[in-house]
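Single-letter residue listing:
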Amino acid sequence: MKVGIKGAGVAGLALAHELISRGVQVELLEKNGDLSASASWLAGGMLAPWCERESAEEDVLRLGQTSIGWWSKVLPGQIRHKGTLVVAAPRDAGELNRFASRTSGFTWLDSDALGALEPDLAGRFAKGLHFAGEAHLDPRQALTALLAKVSASGAEASFKTEHFASATDLVADCTGMAAPDPHLRPVRGEMLLLHAPDVSLSRPVRFLHPRIPVYVVPRDNGVFMVGATMIESGDREAVSVRSTMELLNAAYGLHPGFAEAKIIETGAGLRPAYPDNLPRVTLSGNTLSLNGFYRHGFLLAPHFAMEAADRIVQHLQEKSLEANH
Amino acid sequence: MFEVYGEPFASRFLLGTAQYPSPQILADAVRASGAEILTVSLRRETAGSGTGGRFWDLIRELNVKVLPNTAGCHSVKEAVTTARMARDLFRTDWIKLEVIGHHDSLQPDVFGLVEAASILSDDGFKVFPYTTDDIVVGERLLEAGCQVLMPWCAPIGSAKGPVNTDALRAYRSHFSGVPLVVDAGLGRPSHAAAVLELGFDAVLLNTAVAKAGHPVAMAKAFAMAIEAGRLACEAQPLEPRDMAVPSTPVLGMAVFE
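Residue and element names in this part refer to chain B. Listing the buried residues of helix H7 (residues 165-174) in full gives Ala167, Leu168, Tyr171 and Arg172. Looking down the long axis of H7, one finds its buried residues gathered within 135° of arc, a one-sided arrangement. Those residues of H7 that are exposed and angled more than 90 degrees off the buried face are Asp166 and Ser173. Looking at the buried positions of H7, the neighbouring elements they touch are strand E7 (126-131), helix H6 (135-143), strand E8 (150-151) and helix H8 (189-197).

Written out as C-alpha cells, the structure is:
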C-alpha cells in the first residue's frame, strides 16, 4: 500500500513522518524546486499554544500542547525550550492586562525579573508576561531536517513534478492554498528577516499594540524573524511599505539596537484558512485533505498529521479487506 | 424604524467586521447582533489588487447591507480612490468616509473629511462621515451633501464610552431631524444604551464586540442595550432634579419647618 503526499510544507512532511512510522510506503511530491515555496518557510516557528489562546479557540491550546513533545522527539536538539516573553509599551499597558485575562500558563514579571530573563531588555519594560512552557524552532532547519529524516526512512521525495513515480492507493493533499478547496481562504502574512548583531534575545518576544501586534523570534547567528501581518487577501506580491514600516517600528520599539540591523530578507505568503481558522482532515474516496493550518502550522501539524495518518491506515486496511473478499 | 438615505432598517446596530478571531465567529456575532448594516474595511484586505475574494464571499453570504469604509486613509485622494474601488467591488454607492488626521490617535482630519465628502457626494456617493462632535464641522458636512452624521463619542477603539455627554446632547439638539450615528469609542453595552437614551439614532462599533472574550455573547448584549436605550428615549426619561421627590404623596402629614 502506497500513499502519495502532495506538498512539502509542514503538513505534508509531518504526515509523511507519521505514515512512515506506521509502516506505510510514502512518496512525497513538491511541484516547486525546493522547500522554500511553502507558507511554512515563512513561519515564525513559535510553539506557543498558551499565547495563541488570546485569539484562538480552546482547541488550539489543547491540541497545540502535544506539538512541543512531538517536535522534541522527532527532531531532538532543534527545539528551544525557552518560553515566550510578552511585553507592551508603557502607554499600552492595558493591552498586557487584556492579553493576561485571555490566557493562562504565564507568570507576571517585574522589570528586574524581565531583565534577568532577557538582559538586553533590562530597564526597558516595567512588566511583562512569561509563558515558560512554550518553545520555538527554526522552521527552515526543521523542514529541511524533517525532509532528510523521512527520506532516510525510505520515503521517495520528488521535486518539480506533479506526477507520482508509481501508482498510489491514496493521495493526501497538503498543498495549502494550491488545493482545490472552495472553503479555504487566503490570509496574507508578511515577514522580515533582520541581521542584528547588536541585539541578543534568547526567546520569542511578543510586542503588544492595539492595532499592530508583532513578534520577534531569534534565529542563529544574530538573525531575527519579525512578523507577521494578517491581511484578508490572496495577494502574493512583495511586502508593502506600510507593513514594512509597521514591523520595523515595532522591532525598534522593542530594542533600539534594531535600528542598526540589516534587512536580509522580506517575505509574503498565504496562510490557508477555513472559516473557523481551525485545520481539517477530510477523507473523500481515495483522497485525503490535510489543510487549513492558518497561523498554526508548526503548532498543530503534529496533532492533525497523527489523526490523518490513523485515518489513512484504517482506510487502507478496510480497502485491502474488501479486495481480499 | 431607523431610516438613512431613504432606506428603513429595523436594527439600530451597525457592526464592523475587523479583528474577530475567525470569520465563523464574525458570522455568528452578526447573527446574534441582528445588525442589518456591516461596515468593511477595503484598504488592508485588498492590498491593492482586489483579491480578498473568499472573505468578501463570507460577508455577502450574511445577506446584510454592506457599508464599505475608508479606514486607514490619511488623505483626501486616498479616501476618494478607496471609495471608488469599494463602489466597484461591492456595487454600492454607500461609503463610510474616514480621513484620518493623526496616525496614532486616529482623530479625523475634519478639513480633509469635508473636502472628500463634497467630492464623493458630487460623484453620487451616499456618504457616512466619521467625524468629531464639533457642530460646525457637522454643518459643513451637511452642506457638502451628507444626509447622515457619525460623530465619535471617544477615540476609535478606546472603549471609553461617551466622554463628553454635554457635547453629544448639544449635537443631538442642534441636528434635530438628521440621522445621527455614534461611531467609535463605545466599549460596553451601557455606553450604547446611554447614547441612544440621548436620542442618537444608531451606533456603529467593532472592537468592543470583536475583541471581547466572547464576541457572539457581546454582540447580543449590545443589541439588547441598544433596544433598551431606544425604547427609553421614546418613553421620555425623567430629567434629573436637584431635590428629592417622593413618589408617594405627603399631603396631610405634618410639616415641621
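Text resumes after the structure shown.
With that settled, consider the domain arrangement of chain A. Residues and elements named next belong to chain A. For chain A, the domain assignment lists domain 1 (2-51 + 137-183 + 276-323) and domain 2 (84-132 + 185-273). With centres defined by C-alpha atoms, the gap from domain 1 to domain 2 works out at 29 Å. Residue-level contacts link 22 residues of domain 1 with 29 residues of domain 2. Each partner contributes to the roughly 2100 Å² buried at the junction of domain 1 and domain 2, and carbon and sulfur atoms together form 61% of this total. At the junction of domain 1 and domain 2, the tally comes to two salt bridges. Note that Arg219 and Asp138 form a salt bridge whose closest N and O atoms lie 4.0 Å from each other. At the junction of domain 1 with domain 2, the criterion picks out seven residue pairs in polar contact (both at pLDDT 80 or more). Those elements that provide at least two residues to the side of domain 1 that touches domain 2 are helix H2 (49-52) and helix H6 (139-152). A total of three residues in the side of domain 1 that touches domain 2 trace back to one element, the largest contributor, which is H6. A class-by-class count of the residues in the side of domain 1 that touches domain 2 yields 12 nonpolar, seven polar and three charged.

On to the packing of H8 of chain B against helix H10 (residues 215-234) of chain B. Residues and elements named next belong to chain B. It is the contact of H8 with H10, at a shortest axis distance of 7 Å, that shows an interaxial angle of 25°. Considered as vectors, H8 and H10 are oriented roughly parallel to each other. Crossing geometry of H8 relative to H10 is assigned as right-handed. Residue-level contacts link Pro189, Ala192, Ala193, Leu196 and Glu197 of H8 to Met218, Ala221, Phe222, Ala225, Ile226, Gly229, Arg230, Ala232 and Cys233 of H10.

This paragraph deals with the interface of chain A and chain B. Contact residues are listed per partner, giving 27 residues for chain A and 25 residues for chain B. Counting each side, the surface lost to burial between chain A and chain B is near 1900 Å², with a carbon and sulfur contribution of 44%. There are zero salt bridges connecting chain A and chain B. At the boundary of chain A with chain B, the tally comes to five residue pairs in polar contact (both at pLDDT 80 or more). Elements supplying a minimum of two residues to the side of chain A that touches chain B: helix H4 (93-102), strand E10 (185-195) and helix H7 (241-254) of chain A. For the side of chain A that touches chain B, the residue count by class is seven nonpolar, seven polar and 13 charged.

All names here are of chain B. For H10, which comprises 20 residues, the first-to-last C-alpha distance of 29 Å matches the rise-based estimate of 28 Å (1.5 Å per residue) to within 8%. When H10 is considered as a whole, its buried residues turn out to be Pro215, Ala219, Phe222, Ala223, Ala225, Ile226, Gly229 and Arg230. Where H10 is buried, its residues meet strand E3 (13-16), helix H1 (23-33), H8, strand E10 (202-205) and helix H9 (207-210). Where H10 ends, the next residue or the one after it, Gln236, has phi of about 55°, a positive value.

Cut-offs applied
- Residues numbered from 1 in each chain as written.
- Chains lettered and ligands numbered in written order.
- Predicted model: local features only at pLDDT ≥ 70, side-chain atom pairs only at ≥ 80, totals over all residues.
- Heavy atoms only, no water.
- Buried < 20%, exposed > 50% of the residue type's maximum accessible area, 1.4 Å probe, protein only.
- Helix = DSSP H or I, 4+ residues; strand = E, 2+ residues; numbered from the N terminus.
- Arc of directions from axis to C-beta.
- Contact = heavy atoms within 4.5 Å.
- Domains from an automatic or database assignment.
- Buried area = accessible area lost by both parts, 1.4 Å probe.
- Salt bridge = Lys/Arg side-chain N within 4 Å of Asp/Glu carboxyl O.
- Polar contact = N/O pair within 3.5 Å; in protein donor to acceptor, adjacent residues only side chain to side chain.
- Nonpolar A, V, L, I, M, F, W, Y, C, P; charged D, E, K, R; others polar.
- Axes fitted to C-alpha atoms, helices over the stretch in contact; angles between N-to-C directions.
- Parallel < 35°, antiparallel > 145°, perpendicular 65-115°, else oblique.
- Left-handed = near helix turned anticlockwise from the far one by under 90°.
- Expected span 1.5 Å × (residues − 1).

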